Amino acid sequence: MTTWQCVAQCGACCFLDPSERPDLEDYLTPDQLQQYLSLVGDDGWCIHYNAEARNCSIYDTRPEFCRVTPHTFETMFGIAPDDLNEFAIDCCQQHIEDQYGESSPEMERFNQAVGWIDPDLSE
Ligand code: SF4
Ligand code: SF4
């Protein structure tokens, strides 16, 4: 059984460069898109991402689209609450692979935390 959770000192989803996310307009409202773009720093990372601590410096007041909740994922992506777990794990794995690589320590820590087993290795 896998259960999504965010792991400390990852931050892979805080790399916001729009060129990496060409379908932003499909799931953000115009206001959210404006807010999203206002967060993108020159290096593509969110301006609120603390690269040293590898965490969010405005965690308690972070935008709605940064929050992994049944409501946000249903609203943004049309994901039913029952499918949130699997979808969120897949999202994190994609972000982690993009930023740190498929075999990175970050991927290993994430997979271990959520209890994910590579189907290719479990046969
Ligand atoms: S990619 Fe996933 S595990 Fe990493 S910081 Fe974002 S939500 Fe957390
Ligand atoms: S506001 Fe915080 S959680 Fe959202 S992208 Fe920026 S650093 Fe990450």
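Please refer to the structure placed before this passage.
What counts, and where the lines are drawn
Residues numbered from 1 in each chain as written. Chains lettered and ligands numbered in written order. Predicted model: local features only at pLDDT ≥ 70, side-chain atom pairs only at ≥ 80, totals over all residues. Helix = DSSP H or I, 4+ residues; strand = E, 2+ residues; numbered from the N terminus. Expected span 1.5 Å × (residues − 1). Buried ≥ 20, exposed ≤ 12 C-beta atoms within 10 Å, placed from the backbone. Arc of directions from axis to C-beta. Contact = placed C-beta atoms within 7 Å. Near = placed C-beta within 6 Å. Nonpolar A, V, L, I, M, F, W, Y, C, P; charged D, E, K, R; others polar.

(A) Spatial organisation of helix H4 (residues 84-100). Over its 17 residues, H4 runs 23 Å from end to end, which matches the ideal 24 Å to within 8%, given 1.5 Å per residue. Listed as buried for H4 are Ala 88, Cys 92, His 95 and Ile 96. Here the buried residues of H4 occupy an arc of 100 degrees about the axis, which is enough to place them on one side. Away from its buried face, by an angle of more than 90 degrees, H4 presents the exposed residues Asp 90 and Gln 94. Where H4 is buried, its residues contact helix H3 (70-77) and helix H5 (105-114).

(B) Local environment of the site of ligand 1. Around ligand 1, the surrounding shell consists of Cys 6, Val 7, Cys 10, Gly 11, Ala 12, Cys 13, Cys 92, His 95, Ile 96 and Phe 110. Per-element accounting of the shell around ligand 1 gives the leading share, three residues, to H4. Within the shell around ligand 1, the residues separate by chemical class into eight nonpolar, two polar and no charged.

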